[in-house]
Amino acid sequence: MNIAERLLYDLNHWLQGVLIRGIAQLSVDELSQLESMEQIASSLRMDTLAQLLQQQQQQLRNYLLHAGDQQPVVAVFFRLSAYARMAENTGIL
């Protein structure tokens, strides 16, 4: 498994975990996972994925630390899910 495939695997694992637990069960620990995936995506020049991961971090941080709204977290979550699905279905990775 190459680095890009591993990144997609880790992303899908995180996405599935969120679906199982729900947005309300996310914690600050998620931020480090997202940051790690963002750094790998950036190093692979996967700019769209890196940007989505960064947006998810920002929205999640706002939700967790500033009692923000769940809706922006959910919106980026769905965009990340769509990206992961397209990457798998098109064989990009």
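Details of the structure are given in the entry above.
Residues numbered from 1 in each chain as written. Predicted model: local features only at pLDDT ≥ 70, side-chain atom pairs only at ≥ 80, totals over all residues. Heavy atoms only, no water.

A. Up close: unusual backbone geometry. One non-glycine residue with positive phi stands out, namely Arg45, at about 60°. Locating Arg45 in the fold gives a position in the loop between helix 2 (29-43) and helix 3 (47-65). For Arg45, a relative accessible area of 73% gives the class exposed. The backbone of Ala67 shows a phi angle near 50°, a positive value even though the residue is not glycine. Among the structural elements, Ala67 can be located in the loop between helix 3 and helix 4 (70-90). With relative accessibility at 69%, the residue Ala67 sits in the exposed group. (Helix = DSSP H or I, 4+ residues; strand = E, 2+ residues; numbered from the N terminus. Buried < 20%, exposed > 50% of the residue type's maximum accessible area, 1.4 Å probe, protein only.)

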